[in-house]
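Commentary on secondary and tertiary structure
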Amino acid sequence: MIELGLSLDVILESFFLLLLPILAVAILFSENMAAIAIMSCVFSMVMAVIYLLLAAPDVAMTESAIGAAISTAILIKSMQLTQSRILSDKFFCLANIISFFALLFFGAMMIYGFADLPDYGQGSAPVNSYISKDYIKNTPSEIGIASSVAAILASYRGFDTLGETLVIMVAGLVVYFVMNIERPVQVDLLDEKAEAVYENKIWMTDYIRTMLLPVSLILAFYIQVHGEISPGGGFQAGSVLSSIFIFYFVVADIKSINFHKMIKTLLKLSFVGFLIYLLMAIYTAVIGGYFLEYYAITGTLLGHKIGIFIIEIGVGITVFSVMLMIFLLFEYKLQSKPITRST
Amino acid sequence: MNYVIVAILLVLGLLILLTTKNLIKKIVGLGIFQTAILLFYISLGRVHGGVPPIVEAKHLEDQLYSSPLPQVLMLTAIVVGIATFAVAMSLVSKINQEFGTINEDEIHEQLK
């Protein structure tokens, strides 16, 4: 039984791994921008399945929400914004052939170098031996939660995560300033063709509102709250939640939404998320522990649980608000842009 | 197998980046390059017969776990990756606003 399970694992893994270069080659030779967006979406989905097969459910969850949903949405929106549909690249010019052979050399060197790595899947490899082993061994006794990933993310390497939350917040801020939305919107009248699409959208919105949205919201909150004892946490829940809302806004009646106010609110919300994290860290230092030492909150393992729970909420709020804000900025820019119609 | 795929994806990502003149497609190529690196790290942490690192104290001795550390690092790398991807896309749309095109050659023509 175990033999069979293992071989099935290997077969599935190899199948999905072989899909990746095929998709990459398809993207390389594709000249249709919409096809590129869809293929990069499929690429991320396949990647998420591979992460799941490699026993990394947290990464799989994030990849499927972010790679497949959010980045595809942003990609399509920026394609609409720049009005690029068909490419006209020449593949067989001299520069490309030179770069192909240079990269072929690079790839050969990489494979030659990889030959010196420890065998794939070996439990005794250096990656699995020293600090990782310690983390796994000490998580139940030192942190008191089951998910080793959440323990490292929020406690052992909490300072890294603080920095990463700051990076995400700053990236949101940069997009906000680059997009420069301080201009009046030009709302133009819908023509007949757009009206038909609009009708369709309303029907889909109703379906999403009644069927998908509540279920997905519960899923996102489950991932957030349950992150300590199962795969999940702030990063995953934030990206799942924002991908649901992006899906909603893609099909929703967008004209009736006050974008300006919403974007401003989300910007403030991303600061709030980061501040929750930072204040938690300062609080632990003030009450007598080290910076980010949750143990000091109650003096027992319960303190760790409370601390991790609170900072995961902070991370979740920041990730959610930044992702949704970025999408809405692109959407707003698209709406306010004077549309050049072919008809 | 995994490492060979990683090397092929690194090459293909860079090749997309180099052969196209379209700025958006360049960023897609960069995304593939990044994903290859993520796959490399996750593959390093894989243990045959290992389960996801959800640890219970009573199974600590008799159960293999895949390494949680690369997973944590890659988890945050994905989220930071999409944030920088969005910054790049907003810069591309700014370039489009200034030059009216996102083709590299045409931008060079206008700069002359």
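In what follows, the structure referred to is the one given above.
Predicted, not measured: the structure shown is a model, and the values here were computed from it.

Quick notes on the rules
- Residues numbered from 1 in each chain as written.
- Chains lettered and ligands numbered in written order.
- Predicted model: local features only at pLDDT ≥ 70, side-chain atom pairs only at ≥ 80, totals over all residues.
- Heavy atoms only, no water.
- Helix = DSSP H or I, 4+ residues; strand = E, 2+ residues; numbered from the N terminus.
- Rg over C-alpha atoms; globule rule 2.2 N^0.38 Å.
- Buried < 20%, exposed > 50% of the residue type's maximum accessible area, 1.4 Å probe, protein only.
- Contact = heavy atoms within 4.5 Å.
- Areas by Shrake-Rupley, 256 points an atom, 1.4 Å probe, with all protein chains shown as cover.
- Lys, Arg positive; Asp, Glu negative; His and termini not counted.
- Charge placed at Lys NZ, Arg CZ, Asp CG, Glu CD.
- Buried area = accessible area lost by both parts, 1.4 Å probe.
- Salt bridge = Lys/Arg side-chain N within 4 Å of Asp/Glu carboxyl O.
- Polar contact = N/O pair within 3.5 Å; in protein donor to acceptor, adjacent residues only side chain to side chain.
- Phe/Tyr/Trp six-rings, centres within 6.5 Å; stacked < 30°, edge-to-face > 60°.
- Axes fitted to C-alpha atoms, helices over the stretch in contact; angles between N-to-C directions.
- Parallel < 35°, antiparallel > 145°, perpendicular 65-115°, else oblique.
- Left-handed = near helix turned anticlockwise from the far one by under 90°.
- Expected span 1.5 Å × (residues − 1).
- Nonpolar A, V, L, I, M, F, W, Y, C, P; charged D, E, K, R; others polar.

Observations regarding the overall build of chain B
A tally of regular secondary structure across chain B gives four helices and zero strands. Its C-alpha atoms give chain B a radius of gyration of 20 Å, more than 25% over the compact-globule value 13 Å for 112 residues. Projecting the C-alpha coordinates of chain B onto the three principal axes gives extents of approximately 70 × 25 × 15 Å. The proportion of buried residues among the 112 residues of chain B is 59%. Within chain B, residue pairs in contact and separated by at least 24 positions form 45% of the contacts whose partners lie at least 6 positions apart. Carbon and sulfur atoms form 62% of the exposed surface of chain B, whose accessible area is close to 4,400 Å². Distance between charge centres in chain B, computed from 7 positive and 8 negative side chains, equals 4 Å.

Digging into the overall build of chain A
Along chain A, the regular secondary structure elements total 13 helices and zero strands. Ordered by position from the N terminus, the helices and strands of chain A form the series α-α-α-α-α-α-α-α-α-α-α-α-α. When burial is assessed residue by residue, chain A has 47% of its 343 residues classed as buried. Long-range contacts, defined here as pairs at least 24 residues apart, represent 74% of the contacts in chain A between residues at least 6 apart. Working note: accessible area of chain A is about 17,000 Å², and carbon and sulfur atoms make up 71% of it.

With respect to the interface of chain B and chain A
The partner chain A presents 91 residues to the 70 residues of chain B that form the contact. Between chain B and chain A the total buried area reaches about 7,200 Å² when both faces are included, carbon and sulfur atoms providing 79% of it. Summed over the three residues of chain B that lose the most area to chain A, namely K25, R46 and L75 of chain B, the buried surface amounts to 9% of that side. In this assembly, chain B and chain A are joined by zero salt bridges. Summed over the shared surface of chain B and chain A, the number is seven residue pairs in polar contact (both at pLDDT 80 or more).

A word on the packing of aromatic side chains
Counting across every chain of the model gives nine aromatic pairs over all chains. Aromatic pair F100 of chain A and F101 of chain A: ring centres 5.4 Å apart, planes at 70 degrees, arrangement edge-to-face. Judged by relative accessible area, F100 of chain A falls into the partly exposed class, the value being 35%. In textbook terms, an aromatic cluster arises when at least three aromatic residues are bridged by ring pairs, as seen for F114 of chain A together with Y3, F40 and Y41 of chain B.

As for the packing of helix α7 (residues 148–156) of chain A against helix α3 (residues 68–99) of chain B
The contact between α7 of chain A and α3 of chain B brings their axes to 9 Å, and the two run at 60 degrees. Taken together, α7 of chain A and α3 of chain B sit at an angle that is classed as oblique. By crossing handedness, the relation of α7 of chain A to α3 of chain B is classed as right-handed. Mapping the contact onto sequence places S148, V149, I152 and L153 of chain A in α7 of chain A and P68, L69, Q71, V72, L75 and T76 of chain B in α3 of chain B.

Considering the side chain of S40 of chain A
With respect to the helices and strands, S40 of chain A occurs in helix α2 (residues 33–53). Note on S40 of chain A: relative accessible area 14%, which makes it buried. Excluding anything up to four places from it in sequence, S40 of chain A contacts I27 and L75 of chain A together with V28 of chain B.

A word on helix α13 (residues 301–336) of chain A
With 36 residues, α13 of chain A should cover 52 Å at 1.5 Å per step; its first-to-last C-alpha distance of 53 Å lies within 8% of that length. In terms of burial, α13 of chain A is a largely internal element, 27 of the 36 residues being buried.

Digging into the packing of α7 of chain A against α13 of chain A
Residue and element names in this part refer to chain A. Here α7 crosses α13 at 85 degrees, and the two axes come no closer than 10 Å. If you check the angle between α7 and α13, you find them roughly perpendicular. Here α7 contributes A150, L153, A154 and S155 to the contact with α13, which in turn contributes H304, I308, I311 and E312. Residue composition of the contact of α7 with α13, by class: five nonpolar, two polar and one charged.

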